[in-house]
Amino acid sequence: MLKKSAFPLLLLNMFLANLSMGLVIPIVPELLELFNASGQAAGYLVSCFGLTQFLFSPLAGNLSDKYGRKPMIIIGLILFAFSNLLAALATDLSLLFISRMIGGVGSAALIPSIIAYIADITADDQRSKSMSWLGASMTSGFIIGPGIGGMLAEWGIKTPFYVSACVGLIAMICSLWGLPESLSENIRQMRRQVQEKRDNVFKQIVLSVRSRYFLLLFIIFAMTFGLTHFEAIFPLFVVQVYGFTTREISILLTVCSLIGTLNQLLLTDRITRRFGEKRIIGAMLLLSAVSLVLLLFSGHFYYVMAVTMLFFTFNNILRPTINTLLSKVAGDEQGFMAGMNNAYTSLGMIFGPMLAGILFEVHFDLPYLFGGFVLLVSSILSGSRLRKVLSSEGT
């Protein structure tokens, strides 16, 4: 068995990867003002990250199967640090977009490799608990990112990027020194010798629609769509509609993310054992949809905080539950399945923020109404079809 020190280091790396995604969100209004950009650029900044993540995720998952999890994790952390340094040095909007796209490539290398690593070192009966911790680091990184970004921005709008780059380099050094490889050399060599030609990412997406795992992948897309739909436009929404300040946004998101993560760690494994993954997925999708709509009813600070906390909690519980099911059905292709997982996550990250920015310019309420509709449809589909799909697999 690998050293126990590997697991917390993997959690830290996953946290950092997702931290980079959310870091820019609270300072988007100031960045747009700095570069004289339109409101739609808020959604595009998040979407371009997801675009490169989508394009490179399947390739990264395949490479991690053949050459090991550790090399891809190191490469991902290097790109993560470089992208944040480039963002800090950006003098125009185009360079900021390039930095976000590089960050997406780094995330594509890092996230599937970490998910596959966890699957390599955990037994089936411990998989749910391990994925719960991994999901906590994943969602809390993305959710805490806006809070940290807003607080650090008080020392300068570029400060969040400098700090993130330094932390990424430290994580890379720690991983290079303290993270063992989870795949033996024999397994890696055998997989490299197998001349298996895989379709490109676009063909894989088309083929996945007909696969028996498509419903799970669609739920991943819908969940990410709803979360990024919420976060990409959240600062602009509460500033323009409710009059919140940057400090209030940072406090709100930080407190809600911490409570949501704590609820996930305390509840996920317990309620999954009692009700099963299938019921939990449907319930969390439905509750997430309801909480998005409830956000429109009042602009009182503590009401918005309560609703946001519930939304984060439901999403935090949903992510590891889905990852657990996917890891169970993936068999010995954990890297490839993790790559597809990340690809569908990226699709949600591409279309969620992009559409949120467009709908926000039509009417302030439309992004949350449409995001709730997507989550509601996903809940209905999971309730009617998920049990039938997974029972055919004996899961």
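The shown structure was predicted, so the numbers you read here are calculated from the model rather than taken from an experiment. (Residues numbered from 1 in each chain as written. Predicted model: local features only at pLDDT ≥ 70, side-chain atom pairs only at ≥ 80, totals over all residues. Heavy atoms only, no water.)

Novice: What's the story with the overall build of the chain in this structure? I'm lost.
Specialist: The secondary structure content of the chain amounts to 15 helices and zero strands. Within the span of the chain, comprising 395 residues, buried residues form 59% of the whole. Entry remark: accessible area of the chain is about 16,000 Å², with carbon and sulfur atoms responsible for 67%. (Helix = DSSP H or I, 4+ residues; strand = E, 2+ residues; numbered from the N terminus. Buried < 20%, exposed > 50% of the residue type's maximum accessible area, 1.4 Å probe, protein only. Areas by Shrake-Rupley, 256 points an atom, 1.4 Å probe, with all protein chains shown as cover.)

Novice: I tried to follow helix H11 (residues 246-275) on my own but got confused; where do I start?
Specialist: Every α-helix carries 3.6 residues per turn, so stepping three or four residues along brings you back to the same face. Of all the bends in H11, the greatest, near 40°, is centred on leucine 267. Glycine 276 sits one or two residues past H11 and shows a positive phi near 90°. (Bend = angle between axes of the 7 residues up to and from the residue.)

Novice: Can you help me understand the pattern of salt bridges in this one?
Specialist: Once their charged atoms are close, side chains differing in charge can pair, the charge on each being opposite to the other. The tally for this structure, following the rule as stated, stands at two salt bridges. Between aspartate 65 and arginine 69 there is a salt bridge, with the nearest N and O atoms lying 2.8 Å from each other. For arginine 273, the salt bridge is made with aspartate 269, and the minimal N-O distance between the two is 3.0 Å. Of this pair, arginine 273 and aspartate 269 both sit in helix H11, separated by four residues, roughly a single helical turn. Judged by its relative accessible area of 19%, aspartate 269 is buried. (Salt bridge = Lys/Arg side-chain N within 4 Å of Asp/Glu carboxyl O.)

Novice: What should I look at first to understand the packing of aromatic side chains in this one?
Specialist: The geometry of two aromatic rings is summed up by the distance between their centres and the angle between their planes. Here the structure, examined in full by the defined rule, presents 15 aromatic pairs. Considering the side-chain rings of tyrosine 242 and phenylalanine 244, the 6.2 Å spacing of their centres and the 45° angle between planes classify their relative orientation as tilted. Summarising the aromatic geometry, the rings of phenylalanine 311 and phenylalanine 312 are spaced 6.2 Å apart at their centres and angled 50° between planes, so their arrangement reads as tilted. The pair phenylalanine 311 / phenylalanine 312 is uniform in exposure class, with both members buried. An aromatic cluster is defined as three or more aromatic residues linked by ring pairs; in this entry it consists of Phe230, Phe234, Phe237, Tyr242, Phe244, Phe301, Tyr302, Phe311, Phe312 and Tyr368. (Phe/Tyr/Trp six-rings, centres within 6.5 Å; stacked < 30°, edge-to-face > 60°.)

Novice: Would you explain helix H12 (residues 277-294) in this entry?
Specialist: The terminal C-alpha atoms of H12 lie 26 Å apart, and with 18 residues this matches the ideal 26 Å at 1.5 Å per residue to within 8%. Of all the residues in H12, the buried ones are Glu277, Ile280, Ile281, Gly282, Met284, Leu285, Ser288, Ala289, Ser291 and Leu292. (Expected span 1.5 Å × (residues − 1).)

Novice: Help me out: how do you make sense of the nonpolar core in this one?
Specialist: Taken as a class, soluble globular proteins show a tendency for nonpolar side chains to be buried jointly. Leu96, Phe234, Leu252, Ile322 and Tyr368 are the most contacted members of the largest nonpolar core, which totals 102 residues. Looking at this core element by element, the count peaks at 16 residues for helix H10 (residues 214-240). Here isoleucine 322 is in contact with Leu216, Ile219, Ile220, Met223 and Ile281, once residues within four sequence places are set aside. (Core = buried A, V, L, I, M, F, W, Y, C linked by side-chain atoms within 4.5 Å. Contact = heavy atoms within 4.5 Å.)

Novice: Help me out: how do you make sense of the packing of helix H4 (residues 69-89) against helix H7 (residues 159-178) in this one?
Specialist: The description of two helices packed together rests on the angle between their axes and the distance between the axes. Put simply, H4 and H7 touch, their axes get as near as 8 Å, and they point 160° apart. Between H4 and H7, the interaxial angle falls into the category roughly antiparallel. Relative to H7, H4 is oriented so that their crossing is left-handed. Here H4 contributes Lys70, Ile74, Leu77, Ile78, Phe80, Ala81, Asn84, Leu85, Ala87, Ala88 and Leu89 to the contact with H7, which in turn contributes Phe161, Tyr162, Ser164, Ala165, Gly168, Leu169, Ala171, Met172, Ser175 and Leu176. Grouping the amino acids of the contact of H4 with H7 by side-chain chemistry returns 16 nonpolar, four polar and one charged. (Axes fitted to C-alpha atoms, helices over the stretch in contact; angles between N-to-C directions. Parallel < 35°, antiparallel > 145°, perpendicular 65-115°, else oblique. Left-handed = near helix turned anticlockwise from the far one by under 90°. Nonpolar A, V, L, I, M, F, W, Y, C, P; charged D, E, K, R; others polar.)

Novice: What should I look at first to understand the side chain of serine 47 in this one?
Specialist: Looking at the element boundaries, serine 47 is found in helix H3 (residues 40-67). Serine 47 gets classed as buried once you look at its relative accessible area, which sits at 4%.

Novice: Looking at this structure, how should I read the confidence of the model for the chain?
Specialist: Low-confidence regions, as indicated by low pLDDT, have predicted coordinates that should not be scrutinised in detail. On average, the chain scores 81 in pLDDT, and the residues at 70 or more come to 87%. Within the chain, the element-level pLDDT minimum falls on helix H6 (residues 124-152), averaging 73, and the maximum on H4, averaging 91. (pLDDT = per-residue confidence, 0-100.)

Novice: Even after reading the chapter, I still don't get the packing of H10 against H11, so can you show me in this structure?
Specialist: Taken N-terminus to C-terminus, the directions of H10 and H11 make an angle of 130°; their axes are 11 Å apart at the nearest point. Taken together, the axis directions place H10 and H11 in an arrangement best described as oblique. For the crossing formed where H10 meets H11, the hand is right-handed. Touching Phe234, Pro235, Val238 and Val239 of H10 are Ile249, Leu252 and Leu253, all from H11.

Novice: What is the right way to read a nonpolar patch on the surface from this model?
Specialist: Together, Leu51, Leu55, Phe56, Leu59, Met101 and Phe202 make up an exposed nonpolar region whose accessible area comes to about 510 Å². Sort the elements by how many residues they give to the nonpolar patch and H3 lands first, with four residues. Within the element layout of this structure, methionine 101 appears in helix H5 (residues 93-121). With a relative accessible area of 32%, methionine 101 lands in the partly exposed category. (Patch = residues over 30% accessible without salt bridge, like charges linked within 9 Å, V, L, I, M, F, W, Y side chains within 5 Å.)

Novice: Would you explain the environment of valine 24 in this entry?
Specialist: For valine 24, the location among the structural elements is in the loop between helix H1 (6-23) and helix H2 (28-34). Assessed through its relative accessible area of 0%, valine 24 is described here as buried. C-alpha separation for the pair valine 24 and isoleucine 157, spaced 133 residues apart in sequence, amounts to 9.7 Å. Setting aside chain neighbours within four positions, we find valine 24 in contact with Leu31, Arg100 and Phe161.

Novice: I'm lost on the environment of leucine 267 in this one. Help?
Specialist: With respect to the element layout, leucine 267 can be found in helix H11. On the basis of relative accessible area, leucine 267 is assigned to the partly exposed category, the value being 32%. Sequence separation between leucine 267 and isoleucine 317 is 50 residues; the distance between their C-alpha atoms is 7.8 Å.

Novice: Hey, could you run me through the side chain of glutamine 53 in this one?
Specialist: Locating glutamine 53 in the fold gives a position in helix H3. Polar contacts involving the side chain of glutamine 53 include one to the side chain of serine 107, which spans 2.5 Å. (Polar contact = N/O pair within 3.5 Å; in protein donor to acceptor, adjacent residues only side chain to side chain.)

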